[in-house]
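Residues per chain, in single letters:
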Amino acid sequence: AGEGQKNWRECILLCDALGEQLNDSTWASKIENLRSGCRKRDEDVRALDTLNMEANAKGKRYGKAKQLYVSYLEANPDSSVRDRVEDRIDVLNKTIQNQRDWEDVSAYIGSEENRLKKRINSLKEYTAQDPTGEYVEEAQQKLRDLEEAYDKMLWVETIEQSENPTFNIDVRISALEKFLQENKSGKYVGNAKAQREALRNEQERILWQEVVRYSETPTTPVRERISKLKHFVSQRPSGQFAEDAKAAIERLKALLAEEQRVRRRIAASGGMYVYNNGMITDRRTGLTWCAFDSYLELGRCLTYRSAMQYLEKLRCGGYNDWRLPSEKALE
């Protein structure tokens, strides 16, 4: 028996004992009234315990459980446990409302007609409003499932962009960075970072090729070529081509020093030779030649094909094509 029942039974026993002692007393009627009150309260407490057992047996059919308490009050409006029954009804009303709220949310997130992002937001709002409620664990699991599905959808879209060679490489990298910012489950983070790193390396390689073309153009002033290379190194001091760029800078510095040496020697020739824009002209014979060879310019030896390409770029002395007629005939 519950503690309440135990107390009322003790009261009844005391009344019985007192009644035997005062059987002929004027207090007998008062004791009997007290005994009747105790019995009524004991019966009400017993009825409430029975109600609670029957209501618990209804499980999540909270409406059925509530109806048990309502029917009891209708049949026993003067019950001594009325306040406790009404409190139980209040609790069930809140539970029923929570159940309805969760059913509404479940119906919304279960419909594929609703956008995935909105379904996720609906669950986030629900868990924020009821962080310790009966359905919060189920809601959190569904939220994780939907976020994973959303990340998968985003990843598929991101792959379509990042692996499309027709897109600018900056756009492809931006698509991956956006995904990493929006990703919640973390399932595809490793893949996205690896692909972003590969594209960044490719981006650096493309930029390096542009810098190389610029720095190997003989018509471009040496100081400007050095400046271009230094800017590249400053942007990527530890990049994969940083050492190549630094080596190219040193070669061009050597070329600049050589140019200064040539100028000094020509100045000391007493006007016999003229230096102009990488060209040396012999005033006596009229012969003209380049002041610097390709190795000094590029820091490497050339194959026949690359030598032809080098000559095509050569614009010294106002000439646009330094190849011999026999070389042109081989094309």
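Residues numbered from 1 in each chain as written. Predicted model: local features only at pLDDT ≥ 70, side-chain atom pairs only at ≥ 80, totals over all residues. Heavy atoms only, no water.

Draft legend 1. Representation of the pattern of salt bridges within the structure. With the rule as written, the count across this model stands at eleven salt bridges. Ionic pairing is found between arginine 82 and glutamate 86, a salt bridge with its closest N-O pair at 3.0 Å. In this pair, arginine 82 and glutamate 86 are both assigned in helix α4 (residues 82–110), four residues apart and thus about one turn of the helix distant. In this structure arginine 82 comes out as partly exposed when scored by relative accessible area, which is 29%. As a salt-bridge pair, glutamate 147 and lysine 124 come within 4.0 Å of each other at their nearest N and O atoms. Separated by 23 residues along the polypeptide, glutamate 147 in helix α6 (residues 136–162) and lysine 124 in helix α5 (residues 116–129) bring together distant segments of the chain. (Salt bridge = Lys/Arg side-chain N within 4 Å of Asp/Glu carboxyl O. Helix = DSSP H or I, 4+ residues; strand = E, 2+ residues; numbered from the N terminus. Buried < 20%, exposed > 50% of the residue type's maximum accessible area, 1.4 Å probe, protein only.)

Draft legend 2. Main features of α6. Compared with an ideal rise of 1.5 Å per residue, which puts 27 residues at 39 Å, α6 spans 37 Å between its outermost C-alpha atoms and is within 8% of the ideal. Burial in α6 covers these residues: Val136, Ala139, Leu143, Leu146, Glu147, Tyr150, Asp151, Leu154, Trp155, Thr158 and Ser162. Residues of α6 that are buried make contact with α4, α5, α7 (169–182) and α8 (189–215). (Expected span 1.5 Å × (residues − 1). Contact = heavy atoms within 4.5 Å.)

Draft legend 3. The arrangement of the side chain of aspartate 282 in detail. Note that aspartate 282 resides in strand β2 (residues 279–282). Taking relative accessible area as the criterion, aspartate 282 reaches 7% and is therefore assigned buried. A polar atom in the side chain of aspartate 282 sits 2.9 Å from the backbone nitrogen of arginine 284. Excluding its chain neighbours within four sequence positions, the residues that come into contact with aspartate 282 are Met272, Tyr273, Leu287 and Trp289. (Polar contact = N/O pair within 3.5 Å; in protein donor to acceptor, adjacent residues only side chain to side chain.)

Draft legend 4. Layout of the nonpolar core. Residues Tyr69, Val85, Trp102 and Leu123 are the most contacted members of the largest nonpolar core, which totals 36 residues. Elements represented by at least two residues in this core include exactly α2 (28–57), α3 (62–75), α4, α5, α6, α7 and α8. The greatest single-element share of this core, amounting to seven residues, is contributed by α4. Beyond its immediate chain neighbours, meaning those up to four positions away, leucine 123 contacts Trp102, Val105, Ile109, Ala139, Lys142, Leu143 and Leu146. Of all hydrophobic cores here, the second largest spans 20 residues; its members include Val233, Phe241, Ile249 and Val262. (Core = buried A, V, L, I, M, F, W, Y, C linked by side-chain atoms within 4.5 Å.)

Draft legend 5. Main features of the pairing of strand β1 (residues 273–276). Across four bridges, β1 lies against β2 in antiparallel orientation. Directly across from tyrosine 273, in β2, lies its bridge partner aspartate 282. With antiparallel pairing between neighbouring strands as the criterion, β1 and β2 make up a hairpin whose turn holds two residues, including asparagine 277 at a positive phi of roughly 50 degrees. (Pairing = 2+ DSSP bridges.)

Draft legend 6. A look at the pairing of β2. With three bridges joining them, β2 and strand β3 (residues 288–290) adopt antiparallel strand pairing. Bridge pairing in β3 places methionine 279 opposite cysteine 290. Connecting β2 to the next strand, β3, in antiparallel fashion are five residues, including glycine 286 with a positive phi near 80 degrees.

Draft legend 7. Just the packing of α8 against helix α9 (residues 222–235), in detail. Two numbers describe how α8 lies on α9: the axes approach to 9 Å, and their chain directions differ by 165 degrees. Comparing their axes, α9 and α8 come out roughly antiparallel. Between α8 and α9 lies a crossing whose hand is left-handed. Judged by residue contacts, Glu204, Leu207, Trp208, Val211, Tyr214 and Ser215 of α8 engage Glu224, Arg225, Lys228, Leu229, Phe232 and Gln235 from α9. (Axes fitted to C-alpha atoms, helices over the stretch in contact; angles between N-to-C directions. Parallel < 35°, antiparallel > 145°, perpendicular 65-115°, else oblique. Left-handed = near helix turned anticlockwise from the far one by under 90°.)

Draft legend 8. Spatial organisation of α5. Its 14 residues place the ends of α5 20 Å apart at the C-alpha level, agreeing with the 20 Å of an ideal helix rising 1.5 Å per residue. Among the residues of α5, Leu116, Arg119, Ile120, Ser122, Leu123, Tyr126 and Thr127 are the ones counted as buried. All buried residues of α5 lie within an arc of 155 degrees about the axis, which places them on one face of the element. In α5, the exposed residues that point more than 90 degrees away from the buried face are Glu125, Ala128 and Gln129. (Arc of directions from axis to C-beta.)

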